[in-house]
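Chain by chain, the residues run as shown.
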Amino acid sequence: SAVISQKPSRDICQRGTSLTIQCQVDSQVTMMFWYRQQPGQSLTLIATANQGSEATYESGFVIDKFPISRPNLTFSTLTVSNMSPEDSSIYLCSARGWGTSGAIVRNEQFFGPGTRLTVL
Amino acid sequence: LAKTTQPISMDSYEGQEVNITCSHNNIATNDYITWYQQFPSQGPRFIIQGYKTKVTNEVASLFIPADRKSSTLSLPRVSLSDTAVYYCLVGGGRGNYGQNFVFGPGTRLSVLP
């Protein structure tokens, strides 16, 4: 499976500030995604991070609030902008679609450990 | 988007087989079904994925009926360490890489000694 790391693992931020979360995959992957998981809840897809183009956002999420970058096939960032206490949550990145010798042979989606964000 | 439902919680005893069912009535033709295990303060861990019929790996089996409107994760002989939340995920598109991922609400499994 792909190994996915995230930075920071947790942070406490002030209202009105922004935080950028980094996601690094140990191999080239076709797709990367960002999810939010509020305490005790299931995961909700925020957006698909597209390499070389703008991210694709799910209903209820907008680029101004959650700008996403994906400069290459192994790295992505999610910024949570102008934060409020309602943004307190766990943010997870995931990756899907990788293989060996240039061929995409694996279709499962694997997740990073998450970033726990608290906004005061 | 597929809407998924799961039992909120289940209890079992060590050594028993546990079956967790997820309903996804409006699953799309190209959607996969994937199951994850999540422990507190960790990201979801992939368990198994399938499209139809039965899939088995070293840790679980996944049963998907012909209409694909539900799926059942089967965990053989659970142990205390299997206490976790189990999520079904529908979406992904067979043969393509579209999104439309929808997680179920999760089933909290408690394994008792």
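Residues numbered from 1 in each chain as written. Chains lettered and ligands numbered in written order. Predicted model: local features only at pLDDT ≥ 70, side-chain atom pairs only at ≥ 80, totals over all residues. Heavy atoms only, no water.

S.K.: Got a sec to walk through the overall build of chain A? Specific residues and values, please.
M.R.: Regarding its fold elements, chain A presents zero helices and eleven strands. Helices and strands appear in chain A in the N-to-C order β-β-β-β-β-β-β-β-β-β-β. Expressed as lengths along the three principal axes of its C-alpha atoms, the size of chain A is roughly 45 × 25 × 20 Å. For chain A, with 120 residues in total, the buried portion stands at 52%. Considering only residue pairs separated by 6 or more positions, chain A has 56% of its internal contacts joining residues 24 or more positions apart. If you sum the accessible surface of chain A, you get close to 5,500 Å²; carbon and sulfur atoms cover 48% of it. (Helix = DSSP H or I, 4+ residues; strand = E, 2+ residues; numbered from the N terminus. Buried < 20%, exposed > 50% of the residue type's maximum accessible area, 1.4 Å probe, protein only. Contact = heavy atoms within 4.5 Å. Areas by Shrake-Rupley, 256 points an atom, 1.4 Å probe, with all protein chains shown as cover.)

S.K.: Could you give me a rundown of the interface of chain B and chain A, with the residues and numbers involved?
M.R.: Taken together, the contact between chain B and chain A spans 21 residues of the former and 24 residues of the latter. Between the two partners, chain B and chain A, sit zero salt bridges. Counting the contacts that link chain B with chain A gives five residue pairs in polar contact (both at pLDDT 80 or more). Residue assignment for the side of chain B that touches chain A shows that the elements contributing at least two residues are β3 (32–38), β4 (45–50) and β8 (84–91) of chain B. Here the element with the most residues in the side of chain B that touches chain A is β3(B); it accounts for three residues. (Salt bridge = Lys/Arg side-chain N within 4 Å of Asp/Glu carboxyl O. Polar contact = N/O pair within 3.5 Å; in protein donor to acceptor, adjacent residues only side chain to side chain.)

S.K.: Can you break down the nonpolar core residue by residue, with the values?
M.R.: One finds Trp34(A), Tyr35(A) and Leu78(A) to be the most contacted residues of the largest nonpolar core, which totals 42 residues. For this core, the secondary-structure elements that each account for two or more residues are β3 (19–25), β4 (31–37), β5 (43–49), β8 (75–80), β9 (89–98), β10 (106–111) and β11 (115–119) of chain A together with β8 of chain B. For Tyr35(A), the residues in contact, after removing those within four places along its chain, are Leu43(A), Thr44(A), Leu45(A), Ile46(A), Ile90(A), Tyr91(A), Leu92(A), Ser94(A), Gln109(A), Phe111(A), Phe101(B) and Phe103(B). Ranked by size, the runner-up nonpolar core spans 20 residues in total, among them Ile27(B), Ala60(B), Ile64(B) and Leu73(B). (Core = buried A, V, L, I, M, F, W, Y, C linked by side-chain atoms within 4.5 Å.)

S.K.: Quick rundown of the sheet that holds strand β5 (residues 53–56) of chain B? Include the residues and the values.
M.R.: Residue and element names in this part refer to chain B. The antiparallel open sheet is built from four strands, whose spatial order is β2-β7-β6-β5. At either end of the open sheet lies a strand with only one pairing partner, and these are β2 (18–23) and β5. Averaged over all adjacent pairs, the angle separating strand axes in this sheet is 15°, with direction ignored. Pairing geometry for β5 and strand β6 (residues 61–64), over four bridges, is antiparallel. The residue of β6 that forms the bridge with Val55 is Leu62. (Pairing = 2+ DSSP bridges. Axes fitted to C-alpha atoms, helices over the stretch in contact; angles between N-to-C directions.)

S.K.: Tell me about the sheet that holds strand β7 (residues 68–69) of chain A, and please be specific about residues and values.
M.R.: Residues and elements named next belong to chain A. Pairing is antiparallel in the open sheet, where four strands are placed in the order β1-β3-β8-β7. With partners counted over all chains shown, the strands left at the sheet margins are β1 (4–7) and β7, one partner each. Relative to β3, β1 runs antiparallel, the two sharing four bridges. Each bridged residue has a counterpart across the sheet, and for Ser5 the counterpart in β3 is Gln24.

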